[in-house]
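Notes for the structure review
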Amino acid sequence: MAENLKRTDLINAIEETRKSFDTDNPTVPFIEGDGIGIDIWPAAKKVFDAAVEKTYKNDRKINWIEVLAGQKAYDTTSEWLPDKTLETFNEYGVGIKGPLTTPVGEGIRSINVAIRQELDLYVCLRPIKYFKGIQTPTKNPQDVDITLFRENTEDVYAGKELENSSEDVEKLNNFLKQEFGWDIRIDSGIGIKPISQTASERLIRAALNYAVENDKKNVALVHKGNIMKFTEGAFRKWGYDLVKSEFSDVAVSWEDCGGDPGDKILVQDVIADAFLQQILIKPQMFDVIATTNLNGDYASDALAAQIGGIGISPGGNINYENGKAVFEATHGTAPKYAGQDKTNPGSLILSGVMMFRYMGWNSAADLIVNSMEKTILEGKVTYDLARGRSVKKILSSSEFANALISNMKTSKGRSSK
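Okay, so let's go over this structure. (Residues numbered from 1 in each chain as written. Predicted model: local features only at pLDDT ≥ 70, side-chain atom pairs only at ≥ 80, totals over all residues. Heavy atoms only, no water.)

1. Side note on helix α14 (residues 397-406)
Quick note on the threshold: Burial here depends on accessible area, computed with a 1.4 Å probe over protein chains only, as a share of the maximum for the residue type. Under 20% is buried, over 50% is exposed, and the range in between is partly exposed. To qualify as a helix, a DSSP run of H or I must reach at least 4 residues; to qualify as a strand, a run of E must reach at least 2; elements of each kind are numbered from the N terminus. By the convention used here, residues are in contact when the closest approach between their heavy atoms is within 4.5 Å.
Among all positions in α14, only S397, F400, A401, A403, L404 and I405 are buried. Its buried side turned inward, α14 meets α2 (37-56), α12 (346-359), α13 (362-377) and β14 (380-381).

Shown next as structure tokens:
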């Protein structure tokens, strides 16, 4: 487990990470993904390679190396997540993955969660921003421009749970009754929800640092501390304490400024259920969100729905202290569509944009984003983005990738970065 770096050390660690990717021919491991991974990964890779070639000509190139996880790994190695995959991600520092299967109620635990926990990728980063032309269920989707930092290693995702009516759950239930007087129904499954000061502080520190770096005006700590006082309530407290101890020169809490932060970043907290209401009514009030694992899962999908769905919403899992990062499609495997060349590769493509920015390849990232904006406005979209719109033709996964590449226009004098 990496040391919980303070603000100054974290800034230095981030700078060292950027330097480590200052190479013209990086090796990037990838996981194709289960289900529709066989459709969206080839489409996304084609877009990535085209953007790099058009931006940097022959000066830069990505060396892709496939690693296995999920069904493909199990069929090949009898393991859902081989050690070799984790070792390869760890060795090269940055990687990207398609969606992976997670059975509900039985079978293997989430491979996605296992990758995050094994590599200690403590930030789940979700930038959520609207692309003009997409039909959405909300009235003003253009008001959504929010970057969400979700704690990635603990909370109910820690996997500390016992099955109901088992010998182990009976043993724990008896202990809780004897030691704490907790009377839990005997037929209950029991899960443990750890929220630590260490994990909370490093997550909130990363969010605050992002706000400083990107000139954001506010950071909201989203929690359910009114009910879970010693876990999510503590998350809130540790966040405010961190503002005072490490960020007082650039940020101030609502309570300490009376609602007028001046030229500093305003840090406030919002109860999770109220937050889900407010992002529908006034999403423009939020710039950066820092929240616990389960809240972040709910909130990121709710925000994605406001801009047109998770098919167009990217994500990354990052450890800002040691520089390791794995970027990923944020949606599921949709096995009934697998092999049909039908589904939207947008989430995976935009996750690649995040990866390029993390590597410092901003020109290639900009080229993809500009092309996607133009392509969507032209009505050249996959079936999910065609809902509610009049489009000339609904494109397949590969056709959407080709349309993006056709719309890539580089400008003279483009920065080598």
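Resuming the write-up.
2. Side note on unusual backbone geometry
Excluding glycine, residues mostly carry a negative phi; peptide bonds, for their part, are mostly trans. Backbone geometry at K57 places phi at a positive 55°, although glycine is not the residue there. The topology assignment puts K57 in the loop between α2 and β2 (63-66). Looking at K57, the relative accessible area reads 49%, which means it is partly exposed. Even without a glycine there, the phi angle at D215 is positive, about 55°. Structurally, D215 is set in the loop between α7 (197-213) and β8 (218-223). Residue class for D215 comes out exposed when judged on its relative accessible area of 64%.

3. Details of the pairing of β2
Quick note on the threshold: When DSSP finds two or more bridges between two strands, those strands count as paired. By convention a crossover is right-handed if, when the strands point away from the viewer, the path from the first strand over the helix to the second runs clockwise.
Pairing of strand β1 (residues 27-31) with β2, which is carried by four bridges, proceeds in the parallel orientation. Considered in β2, the bridge of T27 is made with N63. Crossover connection from β1 via α2 to parallel β2: handedness right-handed.

4. Brief notes about the packing of α2 against α12
Going by this rule: With axes taken as lines fitted to C-alpha atoms, and helix axes fitted only over the stretch in contact, angles between N-to-C directions fall between 0 and 180 degrees. If an angle is under 35 degrees, it is roughly parallel; if it is over 145, roughly antiparallel; if it lies from 65 to 115, roughly perpendicular; otherwise it is oblique. Helix crossings are classified by the rotation of the near helix relative to the far one: an anticlockwise turn of less than a right angle makes the crossing left-handed, while a clockwise turn makes it right-handed. Put simply, Ala, Val, Leu, Ile, Met, Phe, Trp, Tyr, Cys and Pro go in the nonpolar bin, Asp, Glu, Lys and Arg in the charged bin, and everything else, Gly too, in the polar bin.
It is at 9 Å that the axes of α2 and α12 come closest, and there the two elements cross at 40°. With respect to α12, the axis of α2 lies oblique. Both α2 and α12 take part in a crossing whose hand is right-handed. Counting all contacts with α2, which are made through I40, W41, A44, V47, F48 and V52, the residues of α12 involved are L348, I349, G352 and F356. Here the contact of α2 with α12 is composed, by residue class, of nine nonpolar, one polar and no charged.

5. Quick word on helix α1 (residues 7-20)
Test applied: In this analysis, the expected span of each helix is defined as 1.5 Å times one less than the number of residues it contains. Starting at the helix axis, one direction is taken to each C-beta atom, and the arc is that of these directions.
Here α1 spans 20 Å end to end across 14 residues, near enough to the 20 Å set by a 1.5 Å rise per residue. Among the residues making up α1, those that are buried are R7, L10, A13, I14 and T17. What you see down the axis of α1 is that its buried residues fit within an arc of 115°, all on one side. The exposed set on the far side of α1, more than 90 degrees from its buried face, consists of T8 and K19. Buried-residue contacts for α1 involve α7, α8 (232-246) and α12.

6. A closer look at the nonpolar core
Going by this rule: Residues enter a nonpolar core if they are buried and are Ala, Val, Leu, Ile, Met, Phe, Trp, Tyr or Cys, with the set joined through side-chain atoms within 4.5 Å.
Grouped together as the largest cluster of nonpolar side chains are 95 residues, with contacts concentrated most on F149, Y320 and F356. Here this core gets 10 residues from one element, more than from any other, and that element is α2. Those residues within four positions of F356 in sequence are excluded, and the remaining contacts are F48, V52, I62, W361, N362, A364, A365 and I368. With 12 residues, the next largest nonpolar core counts V67, L86, F89 and L100 among its residues.

7. With respect to the packing of α12 against α13
With their axes 7 Å apart at the nearest point, α12 and α13 run at an angle of 155° to one another. By the angle class used here, α12 and α13 are roughly antiparallel. The element α12 and its partner α13 pack so that their crossing is left-handed. Packed against α12, whose contacting residues are G346, I349, L350, V353, F356 and R357, the element α13 presents N362, A364, A365, D366, I368, V369 and M372 at the interface. The class makeup of the residues in the contact of α12 with α13 is nine nonpolar, two polar and two charged.

8. Things to note about the side chain of N317
As a reminder, the rule being used: Polar contacts, as counted here, are pairs of nitrogen or oxygen atoms within 3.5 Å of one another; within protein the pair requires one atom able to donate a hydrogen and one able to accept it, and residues that are adjacent in sequence qualify only if both atoms are side-chain atoms.
Tracing the chain through its elements places N317 in strand β12 (residues 314-318). Owing to a relative accessible area of 1%, N317 belongs among the buried residues under this scheme. Within the structure, N317 has its side chain in polar contact with the side chain of R116 (distance 3.2 Å). Setting aside anything within four residues of it in sequence, one finds N317 in contact with R116, L121, V123, C124, N152, K324, A325, V326 and E328.

9. Overview of the environment of G95
Among the secondary structure elements, G95 is positioned in strand β3 (residues 94-97). Among the residues examined, G95 registers a relative accessible area of 0% and is labelled buried.

10. Observations concerning the side chain of D384
Position of D384 relative to the elements: it lies in the loop between β14 and β15 (393-394). Among the polar contacts made by the side chain of D384, one reaches the side chain of N344 at a distance of 3.1 Å. Reaching out from D384, the side chain makes a polar contact with the side chain of T382 at a distance of 2.6 Å. Among all residues touching D384, those that are not within four sequence positions of it are G311 and N344.

11. Comments concerning the pairing of β12
Within β12, five of the five residues are buried, leaving the element largely enclosed by the surrounding structure. Of the two faces of β12, the one lined by P314, G316 and I318 and the one lined by G315 and N317 are each fully buried. Pairing of strand β4 (residues 123-129) with β12 involves three bridges; the strand directions are antiparallel. Of the residues in β12, the one forming a bridge with C124 is N317. Bridge count for β12 against strand β13 (residues 325-329) is five bridges, and the pairing is antiparallel.

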